[in-house]
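For reference, the chains in residue letters:
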Amino acid sequence: MESCSQTFDIVVVGGGLAGVCAAISSARVGCHVALVQNRSVLGGNSSSEIRVWVGGASKHGINRYGRETGIMGELFVENQYRNPDGNPYLWDLLLLEKVRTEANIDLFLNTEILQVSMHDEHTVAAVTGFVQGSETQLTFRSDYFIDCTGDGLIAFNAGAEFHLGREARATFGESLAPEVADQKLLGSSIFFYTKDVGHAVKFTKPFFARDITKTEIVKSRVIKKDDNGCAYWWIEWGGDHDVVHDNESIRDELQAAVFGIWDYIKNSGKYDADNLTLEWVGSVVGKREYRRFLGDYMLCQQDIEEQTDFKDKVAFGGWSIDIHPSSGMYTKEAGTEDSVPDGLYHIPLRSLYSRNIHNLFLAGRDISVSHVAFGSTRVMATCAIGGQAAGLAAAFAFSRQIQAGDIYREHLTEFQSLMLREDSSILGLSVPDPADLAQQAVVTASQVLTQINTYSEDSLPYPLEKPVAFTFPVNPRIHGLDLMVNTELGGNLSVSFYQTGKGQNYIPEELLKTITVPVVAGTHDWVTIPFEWQPDHPLNIFVVVSGEPGLALMVSAHEYQGVLSFINEPVGELKQPKLHHFVRTSPILEWTNQKFNRHNFVFRVADTEAFAAGNLTNGYLRPFAGPNMWVAPFRGEPEDVTLTWSAAQQIQEIRLTLNDDVNEDLINLHHHRTDFPVIPELLKDFTVDYLTDTGWQTIETIQGNRQRHLILRLPTAITTKALRVRALTTNGSEQFSLVEIRAYATIQNLTKGVNGHERV
């Protein structure tokens, strides 16, 4: 057997989405990274081997502005362009290309880590693995490791402290925890795909297939012949077992259930399934839960439900606390026990490293959370943005040669500034970057949206058979609201104004005032609602409108920055008691936007500062208590935003963050189809220019853009008193928008990248 040893700045073990994002984030700031994966494909549970949808904080569009940004956001947006039909093999290809594009990443597939070597009881020195099919043993040495294995293989063998199973209720005071701690877990899954071949196909069940009529499946689960893949998320088993050591028997039982379910669909006579055949059946088990390692903080149920605002927030989630019965598909219980927060919640840095192994970071399923909180944090897009945070944390620690916990204790502000520079997914955080020259500039624009008016010529009536609602930013005040009303009969219109609570929430939390306005018969025009309000700081407001029979609002089939409209149509899960038992609900389940996305009720308010050019340097990268972006109406001509300094600046790097509409729910596989290949709000064609003594000179012309975060690095620095972004066209939006501009005197890296590490 051949053997080889190599030293890296950072070693990431586990090539699921957490590991992919961890490796890319470390590499992009200059670290030499080993990404070690025990399968032949990347993506973990999202890969073509297992085919789980990449769920995240948006929870399939239930949460507003919930889609992840950063590296996970890149993957969502690029997959939408390349793979709108959700082909699992094209998803595999995208992940592989993203990793191979990074010169600072060395990728090792089919490599199973078998041994962890320690410098001392608190420090990992190396990990050693075997490459399947090549009879080669590899040793990876580093001062910093990130365990993204899901099961926590590296952390466990290093002696990191962990929990396994369900904590007792008294441990964290969690109402969803059992009275007594036990070893029960969420189970594992295997899925299947079917195909209509246009002619009759028979199916002869194997002898080991389960007769599901003798189980609880037929009684307590919903079986649809046209469902595929992760629509069968409830095919789950093994939570009463050791999901690692019993993995083979769990796989056998899951496959027996799959073939039993398929036999029931094909041969029970209850389904029109003659022309359907099996196209794919998983052979690799998709695990949900195993070890969870202890960091300096353990996220718990209350942190999710109460949306705790941690000072060391570095990521966010939004999936409900979604706990499955350990007996899985054979239980008489509902498929899930759900607790739904009112919006997105924060994840602290202290949950992303081991508290007793000082050079070990954590990302993915093995982070420091309770079993109950894990019911939310386990979904893959949340794991992925935690991976980006852990990768940057490891790179930051490497650049300063400090322990993982030292970042929180001594360098938190500096680290969070780095995260924002790298477009990480963080809510409600603005941290000054001393090196960013844009923060010293005066920002102006050729045009700014100064009023909100959602009217369009193709607007249509929407009868007020049930209450409707919309949100918009109030900055600095609201001085009356006009609604476009359509009625022949007339009647009373009731309008209620609510505060939304936390900056990331879009719910009617606290009633401010209800106003009833009589509307005369034959009205087809604006109706003024006399409402005055000035909050202490910019906020969103939630407006509920109801009316007597015969009244209608107008609806525009166009998106509008900072505005969302809702209908009072509860999500489908509330109507599926066999699958979902809700122990905590939220108005987000009642006021829904998915079926009304990119449509808006027609209203107008005057004199808003919510879209000012100054938003470009306010430090916020996402909507939070307002849109946090510059917006201008598209007038058929270019619009400029300009940064001006009183003295000349040397600039070598420019970073632009564009608006990719994080309210648009994207998915990697077949959960739903989004029709447009590129997010319409993204600037498509634009130039970046600088001012010289002879006028404006173009640094770069960007055409056909489909990315959110662009970094322009110049061979040599320019000297200028002004930078300009000239917006030419969008990808379909009728408004220009831009989130952030940054400018630096030098190339921004933590380290210099690959520098000839020796192979031994």
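Since the model is a prediction, treat every value here as computed from it, not as a measurement.

What counts as what
Residues numbered from 1 in each chain as written. Predicted model: local features only at pLDDT ≥ 70, side-chain atom pairs only at ≥ 80, totals over all residues. Heavy atoms only, no water. 1 Å grid on protein atoms, 1.4 Å probe; cavity = no way out; pocket = protein on both sides within 12 Å on 5 of 7 lines; lining within 4 Å. Points joined across faces, edges and corners; volume = space filled by probe spheres on them. Nonpolar A, V, L, I, M, F, W, Y, C, P; charged D, E, K, R; others polar. Helix = DSSP H or I, 4+ residues; strand = E, 2+ residues; numbered from the N terminus. Buried < 20%, exposed > 50% of the residue type's maximum accessible area, 1.4 Å probe, protein only. Contact = heavy atoms within 4.5 Å. Pairing = 2+ DSSP bridges. Axes fitted to C-alpha atoms, helices over the stretch in contact; angles between N-to-C directions.

Peer 1: What exactly am I supposed to notice about empty space enclosed by the protein here?
Peer 2: Over the atoms, a rolled probe matching the size of one water molecule traces out where space is still vacant. Evaluation of the coordinates by the stated rule reveals ten cavities of 30 Å³ or more. Put simply, the largest cavity is a space of about 240 Å³. What lines the largest cavity is a set of 27 residues, and nearest its centre among them are Tyr65, Tyr560, Gln561, Asp661 and Asn663. Grouping the constituent residues of the lining of the largest cavity by class yields ten nonpolar, ten polar and seven charged.

Peer 1: Sorry, what's going on with the environment of Ala126 here?
Peer 2: Looking at the secondary structure, you find Ala126 in strand 6 (residues 123-131). Ala126 gets classed as buried once you look at its relative accessible area, which sits at 1%. Considering only alpha carbons, one finds Ala126 and Phe145, 19 residues apart in sequence, at a separation of 8.7 Å. Filtering out sequence-adjacent residues up to four positions away, Ala126 remains in contact with Gln115, Val116, Ser117, Thr139, Phe140, Arg141 and Phe145.

Peer 1: Got a minute to help me understand the pairing of strand 23 (residues 468-474) in this structure?
Peer 2: Side-chain direction in a regular strand flips from residue to residue, so the side chains alternate between the two faces of the sheet. With respect to burial, strand 23 is a largely interior element, seven of its seven residues being buried. Here seven bridges tie strand 23 to strand 28 (residues 539-547), and the two strands are oriented antiparallel to one another. Within strand 28, the residue paired with Val468 across the bridge is Val545.

Peer 1: Where do I start with the layout of surface pockets in this structure?
Peer 2: The space that makes up the second largest pocket amounts to roughly 670 Å³. The set of elements that each furnish at least two residues to the lining of the second largest pocket consists of helix 1 (17-28), helix 2 (70-82), helix 3 (88-101) and strand 39 (709-730). Counted by class, the lining of the second largest pocket contains seven nonpolar, twelve polar and 13 charged residues.

Peer 1: In this structure, what is going on with the sheet that holds strand 6? I would like to understand it.
Peer 2: Within a sheet, adjacent strands bond to each other through the backbone by hydrogen bonds, running parallel or antiparallel. As summarised here, the arrangement of the four strands in space is 1-7-6-5, forming an open sheet in which the pairing is mixed. Edge positions in the sheet fall to strand 1 (2-7) and strand 5 (111-120), since each has one partner strand and no second. Sheet twist, expressed as the average angle between the axes of neighbouring strands with direction ignored, equals 20°. Sheet analysis places strand 1 next to strand 7 (residues 136-141), joined by six bridges and oriented parallel. Paired with Thr7 across the two strands is Arg141, which belongs to strand 7.

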